[in-house]
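Given next are the chains, with one letter for each unit.
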Amino acid sequence: FDAVVLACGMGAVPKLGIEGEDLPGVWDALDFIERAKLGRDVGVLGSRVAVIGAGNTAIDALTCSKRLSPGSRVTCYYRRGAAQMTAYAFEYAFAKQEGIEFRFFAAPARILGNGRVEAMEFAQTGADAKPTGETFVEPVDTVIRAIGQNRLLAEIEALGVAHDGGVVRVDESLATSVPGVFAAGDCIFEKGAGEAMVVEAAEQGKVAARSVDRYLLGTTSKAASL
Ligand SMILES: Cc1cc2nc3c(=O)[nH]c(=O)nc-3n(C[C@H](O)[C@H](O)[C@H](O)COP(=O)(O)OP(=O)(O)OC[C@H]3O[C@@H](n4cnc5c(N)ncnc54)[C@H](O)[C@@H]3O)c2cc1C
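Residues numbered from 1 in each chain as written. Predicted model: local features only at pLDDT ≥ 70, side-chain atom pairs only at ≥ 80, totals over all residues. Heavy atoms only, no water.

Considerations on the site of the ligand
If you check the shell around the ligand, you find 16 residues, and the closest are Asp-60, Gly-185, Asp-186, Ala-196 and Val-198. The contact in question runs from a nitrogen atom of the ligand to an N or O atom on the side chain of Glu-155, over 3.3 Å. A distance of 2.9 Å is found between an oxygen atom of the ligand and a backbone nitrogen or oxygen belonging to Val-198. When the free accessible area of the ligand is taken as 990 Å², the share hidden by the protein chains comes to 49%. Listed by contribution, the elements that provide at least two residues to the shell around the ligand are helix 1 (29-37), helix 2 (56-68) and helix 5 (198-217). Across the shell around the ligand, the residue classes break down as nine nonpolar, four polar and three charged. (Near = heavy atom within 4 Å. Polar contact = N/O pair within 3.5 Å; in protein donor to acceptor, adjacent residues only side chain to side chain. Areas by Shrake-Rupley, 256 points an atom, 1.4 Å probe, with all protein chains shown as cover. Helix = DSSP H or I, 4+ residues; strand = E, 2+ residues; numbered from the N terminus. Nonpolar A, V, L, I, M, F, W, Y, C, P; charged D, E, K, R; others polar.)

So, helix 3 (residues 89-97)
For an α-helix the count is 3.6 residues per turn, leaving residues at separations of three or four pointing the same way. Listed in full, the buried residues belonging to helix 3 are Glu-91, Tyr-92 and Ala-95. Take helix 3 and look down its axis: the buried residues cluster within an arc of 100°, on one side only. Opposite the packed face of helix 3, turned more than 90 degrees from it, sit the exposed residues Ala-89, Phe-90 and Gln-97. Buried-residue contacts for helix 3 involve helix 2 and strand 5 (101-104). Following helix 3 by one or two positions, Gly-99 has its phi on the positive side, about 95°. (Buried < 20%, exposed > 50% of the residue type's maximum accessible area, 1.4 Å probe, protein only. Arc of directions from axis to C-beta. Contact = heavy atoms within 4.5 Å.)

Considerations on the state of the cysteines
On inspection of all chains with the given rule, the structure shows zero disulfides. Sulfur of Cys-64: no disulfide; nearest cysteine sulfur belongs to Cys-76 and is 14 Å away. In this structure Cys-76 comes out as buried when scored by relative accessible area, which is 0%. (Disulfide = S-S within 2.5 Å.)

A few points about helix 1
Along helix 1, the residues classified as buried are Ala-29, Phe-32, Ile-33 and Ala-36. Along the axis of helix 1, the buried positions cluster into a sector of 95°, meaning they face one direction only. Those residues of helix 1 hidden inside the fold are in contact with strand 2 (26-28), helix 2 and strand 9 (142-145). N-cap assignment for helix 1: the residue whose side-chain oxygen lies 2.6 Å from the backbone N of Leu-30 is Asp-28. Downstream of helix 1 by one or two residues, Gly-39 has phi in the positive range, about 75°.

Section: the nonpolar core
Membership of the largest hydrophobic core comes to 28 residues, with the highest contact counts inside it found for Phe-32, Val-51, Leu-62, Met-85, Phe-102 and Ile-144. Elements represented by at least two residues in this core include exactly helix 1, strand 3 (48-52), helix 2, strand 4 (73-78), helix 3 and strand 5. Residue contributions to this core peak at five residues, all from helix 2. With near-sequence residues (within four places) excluded, Met-85 lies in contact with Ala-54, Ile-59, Tyr-78, Tyr-92, Phe-102 and Phe-104. (Core = buried A, V, L, I, M, F, W, Y, C linked by side-chain atoms within 4.5 Å.)

Some words on the side chain of Thr-142
For Thr-142, the position within the fold is in strand 9. Sequence-distant contacts of Thr-142, defined by excluding residues within four places in its chain, comprise Gly-25, Trp-27, Val-44, Leu-45, Arg-48, Val-49, Ala-50, Arg-116 and Val-117.

What is shown is where atoms sit, not what they do.
This is how it looks when you write it as C-alpha cells:
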C-alpha cells in the first residue's frame, strides 16, 4: 500500500491480576456487552452481579446486567470515590435510577468459588485508592471486569510507529512517525485529551482521509516529527 490509516481501536479489558479470575462466571465487560447487545446467551447471572470499575463501559455492563436480570442485585465496586468516577454524571444518575448500587473505596482482592464464582473479597481503600488493610467479602455469582482497555501493542509495533504506552503519536494531520501511515480513533486516544467517542473517531477518520489524499498527491511527504 502507498498509504495506511491505522484505526484498530483498543483491545480487551485487562485482567484484574487476582486469584480466582479464571473461574466460570467472570467476564470481560466488552465480551459481555457485545453478547448482551447482540441478543446472545450470557447464561444465568445469578442473584448478585459485581461490576469492577466505574467508567462508561462499567455503566454499560451494569445497566445491561440489570435489564437482563432485573431481580439481581447489581453492584458497582470502585477503588476510588464517586467524584473520581470516569463515567459521566448523567450515567451515574441513570444507573442509580435503574436500581444499581455503588460501593466505593473497594478494590478487588480475590474471587472465591468452587467450580464457579461464589464470592469476592475486596480490600477497603482510602482516599488515595490504596488498601487500608481492612477487607470484606461479598457473595457474588457473576463478576464483570470493566477496568479500561488494553492497547493493541502488537499491531502498533508491527507498523513501527512511535507511541506512548500504546497510544499512537500523531501530529495535527494525524500523520504518525512513519511516512504514509496515519492513525485515527481510539488508538490515538490519550486520557485528558478529547474523548474516546464515535463522533471523535469519525471526525478523525475524515482528517486522516484528507491527509492521505494530500500525501498521495504529493503535496506533503513528511512523516510527523514526533
Ligand atoms: C462498552 C463501550 C461503550 C461505548 N459507548 C459509546 C457511546 O455510547 N457513544 C460513543 O460515542 N462512544 C462510545 N464508545 C466508544 C466508541 O466505541 C469508540 O470511541 C469508537 O468505536 C472508536 O472507533 P475506532 O474506529 O477507533 O475503534 P473501534 O470502533 O474499536 O474499531 C476498531 C476496529 O478495528 C478492528 N481491528 C483491531 N485490530 C485489528 C487487526 N489487527 N486487523 C484487522 N482489524 C482489526 C476491530 O475489530 C474493530 O472492528 C463506547 C466504547 C465501549 C467499549
